[in-house]
Amino acid sequence: MASGANNEHRFTVILSIDASKQSQEAVHYYLNHIHRPENRVILLHVIELPDIGHARHMHVTPGSLHEMWVEESIKAHELKNQYEEMLKTHGVKDVESRCEGGLKPGQVIVSAAVEEEALMVVMGTRGMGVIRRTILGSVSDYVVHHAPCPVVVCRQLTTDNKK
């Protein structure tokens, strides 16, 4: 019964990470304003590669796709290590990492939030322009509208709002 009492206040938070400055700023925002010592933190990185249908149109062979996957997996491992070190430096003890492939990062993030019964998702923005965002869609917009939990989307800080 005592362990159940401890788990009542243990919340899972998904930090959606990539190599962008916006992602780093979102993690820093989480650490400085949201994190509680009892939180379970999941670092989630989505490797986004073209599907086989699009790859054919781009004249990319299955072997090249495999090489791209291996290369991106190595980068993802380095990224995971970087963020785990950042969290460790800030005293975060309960950290897990997930690296998944997917054509639609937003769908992968939402699926992880469902699977992990996340209290919230924290993510940065890619900073796409209005036209590109309208055509391609925004990962953060998708997650905000489909996640089963609150989503904190951190805009890129400007020199004005860093004060």
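Whatever comes next refers back to the structure up there.
Because the structure is a prediction, the values reported are computed rather than measured.

(A) Focus on unusual backbone geometry. We note that Glu117 has phi near 50 degrees; this positive angle belongs to a residue other than glycine. Within the element layout of this structure, Glu117 appears in the loop between helix H5 (105–115) and strand E4 (120–124). Taking the relative accessible area as the measure of exposure, Glu117 reaches 69% and is therefore exposed.

(B) Quick peek at the nonpolar core. The biggest cluster of nonpolar side chains holds 17 residues, and the ones touching the most others in it are Leu15, Val27, Leu87 and Val122. Elements represented by at least two residues in this core include exactly strand E1 (12–16), helix H2 (21–33), strand E2 (40–47), helix H4 (62–89) and E4. When near neighbours in sequence (up to four residues on either side) are disregarded, Val122 contacts Val13, Ile14, Leu15, Ser16, Ala26, Tyr30, Val152 and Cys154. If you look at the next biggest cluster of nonpolar residues, it comprises 16 residues, including Val108, Val110, Val121 and Ala147.

(C) Examining the environment of Ile42 more closely. On the secondary structure map, Ile42 appears in strand E2. With relative accessibility at 1%, the residue Ile42 sits in the buried group. The spacing of Ile42 and Val95 is 53 residues in sequence and 5.8 Å in space, taken between C-alpha atoms. The contacts of Ile42, once residues within four sequence positions are left out, are Thr12, Val13, Ile14, Leu15, Glu96, Arg98 and Glu116.

(D) Looking closely at H2. Taking 1.5 Å per residue as the helical rise, H2 with its 13 residues ought to reach 18 Å, and the 18 Å between its terminal C-alpha atoms agrees with that figure. Considered for burial, the residues of H2 that qualify are Gln22, Ser23, Glu25, Ala26, Val27, Tyr30 and Leu31.

(E) Representation of the packing of H5 against helix H7 (residues 139–146). Between H5 and H7, the least distance of the axes is 8 Å, while the angle of their chain directions is 35 degrees. Pair H5 / H7 crosses with right-handed handedness. Across from Pro105, Gly106, Gln107, Ile109 and Val110 in H5, the residues of H7 making contact are Val139, Tyr142, Val143 and His146. Along the lines of polarity and charge, the residues of the contact of H5 with H7 split into 6 nonpolar, 3 polar and no charged.

(F) The arrangement of the sheet that holds E4 in detail. Judged by pairing direction, the sheet is parallel, and its 5 strands sit side by side in the order E3-E2-E1-E4-E5 without closing on themselves. Because the sheet does not close on itself, it has two edges, and the strands there are strand E3 (95–101) and strand E5 (151–154). When strand polarity is set aside, the average angle formed by the axes of neighbouring strands in this sheet is 20 degrees. Looking at chain direction, E4 and E5 are connected through 4 bridges and run parallel. Residue pairing in the sheet places Met123 in a bridge with Val153 of E5. Against the sheet, H4 makes contact with E1, E2 and E3, and its axis sits at roughly 155 degrees relative to E2, the strand it touches most. Lying on the sheet, H7 is in contact with E4 and E5; it crosses E4 at an angle near 165 degrees.

Reading the values: the criteria
- Residues numbered from 1 in each chain as written.
- Predicted model: local features only at pLDDT ≥ 70, side-chain atom pairs only at ≥ 80, totals over all residues.
- Heavy atoms only, no water.
- Helix = DSSP H or I, 4+ residues; strand = E, 2+ residues; numbered from the N terminus.
- Buried < 20%, exposed > 50% of the residue type's maximum accessible area, 1.4 Å probe, protein only.
- Core = buried A, V, L, I, M, F, W, Y, C linked by side-chain atoms within 4.5 Å.
- Contact = heavy atoms within 4.5 Å.
- Expected span 1.5 Å × (residues − 1).
- Axes fitted to C-alpha atoms, helices over the stretch in contact; angles between N-to-C directions.
- Left-handed = near helix turned anticlockwise from the far one by under 90°.
- Nonpolar A, V, L, I, M, F, W, Y, C, P; charged D, E, K, R; others polar.
- Pairing = 2+ DSSP bridges.

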